[in-house]
Amino acid sequence: MSKISDRLNRLSYSQTFVMSNKVREMKASGVDVISLTLGEPDFDVPQKIKQAAFDAINENYSHYSPVPGFLELRQAVADKLKRDNNLDYKPTQICVSNGAKQSIINVLAAIVNDGDEVILPAPYWVSYDEMVKLVGGTSVFIETSIDTDFKITAAQLEQAITPKTKALLYSSPCNPSGSFYTGEELEAIANVIAKYPDITIISDEIYEFINYDGEHVSIASFPQVYEQTAVINGMSKAFAMTGWRIGYSACPDWLAKACDKVQGQMTSGANTVAQRASITALKMDPQELQYMISEFHKRRDLVYGLMKEIKGFKCNLPKSAFYIFPDISYYLGKTLNGTEIKDADDFAMFLLENAHVGCVGGVSFGSPECIRFSYAASEEELTEAMTRIKNFLDQF
Ligand SMILES: Cc1ncc(COP(=O)(O)O)c(C=O)c1O
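What you are looking at is a predicted structure, and each value in this text was computed from that prediction instead of being measured.

What counts and how
Residues numbered from 1 in each chain as written. Predicted model: local features only at pLDDT ≥ 70, side-chain atom pairs only at ≥ 80, totals over all residues. Heavy atoms only, no water. Helix = DSSP H or I, 4+ residues; strand = E, 2+ residues; numbered from the N terminus. Rg over C-alpha atoms; globule rule 2.2 N^0.38 Å. Buried < 20%, exposed > 50% of the residue type's maximum accessible area, 1.4 Å probe, protein only. Contact = heavy atoms within 4.5 Å. Areas by Shrake-Rupley, 256 points an atom, 1.4 Å probe, with all protein chains shown as cover. Lys, Arg positive; Asp, Glu negative; His and termini not counted. Charge placed at Lys NZ, Arg CZ, Asp CG, Glu CD. Near = heavy atom within 4 Å. Polar contact = N/O pair within 3.5 Å; in protein donor to acceptor, adjacent residues only side chain to side chain. Nonpolar A, V, L, I, M, F, W, Y, C, P; charged D, E, K, R; others polar. Phe/Tyr/Trp six-rings, centres within 6.5 Å; stacked < 30°, edge-to-face > 60°. Lys NZ or Arg CZ within 6 Å of the ring centre and 35° of its normal. Pairing = 2+ DSSP bridges.

A. Examining the overall build of the chain more closely. Counting its secondary structure elements, the chain contains 13 helices and 14 strands. A compact globule built from 396 residues would reach a C-alpha radius of gyration of about 21 Å, and the chain, at 21 Å, matches this within 12%. Over its C-alpha atoms, taken along the principal directions, the chain stretches across nearly 60 × 50 × 50 Å. Counting across all 396 residues of the chain, residues that qualify as buried make up 56%. Partitioning the contacts of the chain with sequence separation of at least 6, the portion at a separation of at least 24 is 74%. Accessible area for the chain stands at about 16,700 Å²; split by element, carbon and sulfur atoms hold 52% of it. Side-chain charges in the chain split into 37 positive and 50 negative, and the spacing between the mean points of these groups amounts to 3 Å.

B. How the structure looks around the site of the ligand. With respect to spatial proximity, 13 residues lie near the ligand, and among them A100, N175, D204, S236 and K237 are the closest. In this structure, an oxygen atom belonging to the ligand sits 2.7 Å away from a side-chain N or O atom of R245. The residue makeup of the shell around the ligand, split by class, is 5 nonpolar, 4 polar and 4 charged.

C. The packing of aromatic side chains, seen in detail. Taken as a whole and judged by the stated rule, the model has 20 aromatic pairs. Here Y207 and Y323 contribute two aromatic rings whose centre-to-centre distance is 5.7 Å and whose plane-to-plane angle is 80 degrees, an arrangement assigned as edge-to-face. Of this pair, Y207 sits in the loop between β6 (200–204) and β7 (229–234) while Y323 sits in strand β9 (residues 323–324), placing them 116 residues apart in sequence. The class for Y323 is buried, based on a relative accessible area of 0%. An aromatic cluster of three or more residues is present, and its members are F43, Y207, Y291, F296, F322 and Y323. Across the ring face of Y181, the terminal group of K151 is positioned such that the distance to the ring centre comes to 5.8 Å. Note that K334 overlies the ring of Y330, its terminal NZ or CZ placed 4.0 Å from the centroid.

D. Seen up close, the sheet that holds strand β13 (residues 360–361). Pairing is antiparallel in the open sheet, where 3 strands are placed in the order β9-β14-β13. Strand pairing shows two members of the sheet lacking a second neighbour, β9 and β13, which therefore form its edges.

What follows is the structure, given as structure tokens:
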């Protein structure tokens, strides 16, 4: 009998970490590897935000905060949601957590009973399926492909709904595909969900600001689903604050109270110094962050241009986030240099071992025919990585 619980045994390790650990091992043994595996901005935290953290320490923000966060921070979140998304929330509807990841699991823990279904459009962020399992739910996947820019339609969604459906969980902008849903597409999704008042939409908008080709729309801005939507966002991606661990949810009153209850028994309020610094961050004019977005935009164009030249890679221009997600089905089922390539994870490992470039296979994102590269890396690294892959694959 396993000492580990059945609940935990159902979970997998994240493929992102499997690949980044392998990269670390190879580097330690002297191999020159370029890693494009991890999803975090390679910028420093803006100075103003750092200063606010120093001030918070000096002002002795060293005690527990309220479970859902300092009122001033929740007000700053509400103001941000009004300013950027035209959404009306009271501070009591906001719950600040240790990252968006915790915000999502708070919501899932609050609504999912054993055996309830959560719809995940594939590809999805690796943690979603594992979080659903952790709370005793079952994921129901909706397949998409590169031909539809990895987006679902309202008709597909309608078909996936059953009497057991409790939630729809997705990210827009999307990790890993880099696609985002337009206002029109979201309205069609909202119209479907509005017919089922017991279904909650969990809308992960953590990449909101990293958007090159259009306007970010939050599905909560459609009044027919406002009462059914949990908006998830946080400081990690837009402010390069991944290690500071601050995220938040904005929910209808009943769900905000439930998130507060979950978090109160699990972790209490998030780190107080990071909370204080986040007030300053959220009050910044988004224009002040534009230098990071412009840099990602340049890299997106660079990597897309180079990737189009790689044999057997089919890719769409990603419009947001900092990932590119080529379809590599050309190589599936082939044996290359004696290695059988059954799925995208095999192919990612094959590239790492032979071309010395790290990426993540799409199996755990729900797309076994794609691989994910993060372009949160320097232009030199990106150029060198794409050149290595091109030169290596040209031989097949
Ligand atoms: C789609 C998505 N949601 C949430 C997160 C987690 O964000 P946080 O650092 O705020 O927990 C990530 C991080 O990679 C992500 O890609």
